[in-house]
Amino acid sequence: MSEAFYSHARLYDLMFPGGGPAVDFYRADANRQGGRVLELGCGTGHKLIPIASDGHPCVGVDFSSDMLAEAQRKANERGVAVEWVQGDMRAFDLGRTFDFVFITANSLLHLHDAEDLVSCFRSVRRHLAPGARFVFDVFNPSVRLLAEADGVRRTRESLSFMDPDRGNVSVDVAEIYDAPAQVTRGTWHLSTDSEPDFVVAPLEIRSIFPQELPLLVSLGGLRLVERFGDWSGRPFAVDTPLQLCICESA
C-alpha cells in the first residue's frame, strides 16, 4: 500500500533531506564493527552512502526501483561504490554474510504482519557473519498520538520544502489508526499554490509495542542485546521517542 509513496524519490529526498544524528550513529557503529555492511530498506542511500565512503563494502536492498535509481545517482555523484539490489526484506538471499546489518528510519514498520517481521529477522539471521551485529530503529508508539489519528487532513508545517521546479510545497496528512492491526493508515497530499494535490499517496506504518518487540526478535533467531531510547544512547524508557535495538544471533 505504500509503494506509490516511494515512487517519487526526488521529492522524498527534498521532504526528508537526511543527515543528523541517525547518520552519525550508524556510520560510527559500522566503523566500530568493521567489515561488510548490509542495509535493508536503504531508500536513496542517506545512511549507506556515507558508510560506503568510509571504505566499507556495502550492499543496499530496497523494494522500490525508483528509490534505488536515485541512490545510484547520488552514489555516482559522490564517486562511491555501493551494490544496490531490488528485493524484499521479508525473504532475501544474497549468497554471503555481513558483519553489520541495519534497518533504519522505521523501514521495518512497512511489514504489518507478525509472520512477515519474523521472516525478515530469520533472513537477517542467515546473513550474519560470526560476531556480527544487527541494528534497527523504530518509533516508540504513543497511545495518545495513535488515538488522535482521526482521519482529519492536517498540514505538517515541519515537512514543507522548496522544490526547485515547483516552488514551495506543503504537505498534508490524514491518518486513522487501525488498532486490531496495529497499523496507522495515512494519505499524504503534496501541493503548491498552483498545483494542489499533485501527489496523493497512501502510507501505512505498523506500530511495534515495546513488550512484543523482544519476542518477535527471538522468534526470528536473534537476541536483543540492548535497547536505547535515542541517538545519544539514552536508556530506553516509556517516554523515549525511539526503540533503537542492538541484536545478535541467538
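What counts as what
Residues numbered from 1 in each chain as written. Predicted model: local features only at pLDDT ≥ 70, side-chain atom pairs only at ≥ 80, totals over all residues. Heavy atoms only, no water. Disulfide = S-S within 2.5 Å. Buried < 20%, exposed > 50% of the residue type's maximum accessible area, 1.4 Å probe, protein only. Core = buried A, V, L, I, M, F, W, Y, C linked by side-chain atoms within 4.5 Å. Helix = DSSP H or I, 4+ residues; strand = E, 2+ residues; numbered from the N terminus. Contact = heavy atoms within 4.5 Å. Pairing = 2+ DSSP bridges. Salt bridge = Lys/Arg side-chain N within 4 Å of Asp/Glu carboxyl O. Polar contact = N/O pair within 3.5 Å; in protein donor to acceptor, adjacent residues only side chain to side chain. UniProt positions renumbered as here; feature names shortened; annotations may be inferred. Expected span 1.5 Å × (residues − 1).

Colleague: Help me understand the state of the cysteines in this model?
Modeller: Put plainly, two cysteines are in a disulfide when a covalent bond ties their sulfur atoms together. Tallied over the entire structure, the rule returns zero disulfides. Here cysteine 58 stays unpaired: no disulfide links it, and the sulfur of cysteine 42, its closest cysteine neighbor, is 10 Å away. Its relative accessible area of 6% is what places cysteine 58 among the buried residues.

Colleague: Explain the nonpolar core here, please?
Modeller: A general tendency of soluble globular proteins is for nonpolar side chains to be buried together. Of all hydrophobic cores here, the largest spans 51 residues; its most connected members are Leu38, Leu108, Phe134 and Phe136. Considering each element in turn, this core owes the most residues, six residues, to strand S5 (residues 128-139). In this structure, Ala30, Cys42, Leu48 and Ile49 belong to the second largest nonpolar core, which totals 22 residues.

Colleague: What exactly am I supposed to notice about the environment of arginine 10 here?
Modeller: Relative to the helices and strands, arginine 10 is located in helix H1 (residues 9-15). Along the chain, arginine 10 and aspartate 163 lie 153 residues apart, while their C-alpha atoms are 9.4 Å from each other. Here arginine 10 is in contact with Asp163, Pro164, Asp165 and Arg166, once residues within four sequence places are set aside.

Colleague: Explain the pairing of strand S12 (residues 242-249) to me, please; I cannot follow it from the model alone.
Modeller: Consecutive side chains along a regular strand alternate between the two faces of the sheet. Counting buried positions along S12 yields six of eight residues, so the element is predominantly enclosed. With six bridges connecting them, S5 and S12 associate as antiparallel partners. Bridged to phenylalanine 139 within S12 is leucine 242.

Colleague: Teacher, can you tell me more about the pattern of salt bridges here?
Modeller: Side-chain pairs of opposite charge can arise where the charged atoms are in close proximity. As enumerated under the stated definition, the model contains 23 salt bridges in all. For the salt bridge of aspartate 116 with arginine 90, the shortest nitrogen-to-oxygen distance reads 3.6 Å. Of this pair, aspartate 116 sits in helix H5 (residues 114-126) while arginine 90 sits in the loop between strand S3 (83-86) and strand S4 (98-103), placing them 26 residues apart in sequence. Judged by its relative accessible area of 32%, arginine 90 is partly exposed. Here the salt bridges do not stand alone but share partners, grouping Arg10, Asp163, Asp165, Arg166 and Glu195 into one network.

Colleague: Hey, could you run me through unusual backbone geometry in this one?
Modeller: Unlike most non-glycine residues, asparagine 106 shows phi in positive territory, near 65°. Among the structural elements, asparagine 106 can be located in the loop between S4 and H5. Residue asparagine 106 is classed as partly exposed on the basis of its relative accessible area of 24%.

Colleague: I'm lost on the environment of serine 107 in this one. Help?
Modeller: Among the secondary structure elements, serine 107 is positioned in the loop between S4 and H5. In this structure serine 107 comes out as buried when scored by relative accessible area, which is 11%. The spatial distance from the C-alpha of serine 107 to the C-alpha of arginine 206 is 9.9 Å, given a sequence separation of 99 residues. Dropping the residues within four chain positions of it, serine 107 is found in contact with Gly41 and Met89. Separated by 3.4 Å, the side chain of serine 107 and the backbone oxygen of glycine 41 make a polar contact.

Colleague: What exactly am I supposed to notice about the side chain of histidine 127 here?
Modeller: Structurally, histidine 127 is set in the loop between H5 and S5. Overall, histidine 127 belongs to the buried group, its relative accessible area being 3%. There is a polar contact of 2.9 Å between the side chain of histidine 127 and the backbone nitrogen of leucine 94. Beyond its immediate chain neighbours, meaning those up to four positions away, histidine 127 contacts Phe92, Asp93, Leu94, Gly95, Arg96, Thr97 and Phe98.

Colleague: I keep staring at the UniProt feature "domain: Methyltransferase" (unreviewed entry) in the protein chain and nothing clicks. Help me out?
Modeller: With numbering aligned to this structure, UniProt lists the feature "domain: Methyltransferase" (unreviewed entry) at residues 37-131. Across residues 37-131 one finds 35% helix and 24% strand; the C-alpha atoms that close the span lie 13 Å apart.

Colleague: I would appreciate a short explanation of H5 in the present structure.
Modeller: Working note: α-helix, 3.6 residues per turn, so residues spaced by three or four point in the same direction. The terminal C-alpha atoms of H5 lie 19 Å apart, and with 13 residues this matches the ideal 18 Å at 1.5 Å per residue to within 8%. Looking at the buried positions of H5, the neighbouring elements they touch are strand S1 (37-40), S4, S5, strand S10 (199-206), helix H7 (213-219) and strand S11 (222-228).

Colleague: What is the right way to read the pairing of strand S9 (residues 183-191) from this model?
Modeller: Most of S9 is tucked away: seven of the nine residues are buried. Where strand S8 (residues 167-178) and S9 come together, nine bridges link them in antiparallel fashion. Counterpart to aspartate 172 in the pairing with S9 is histidine 189.

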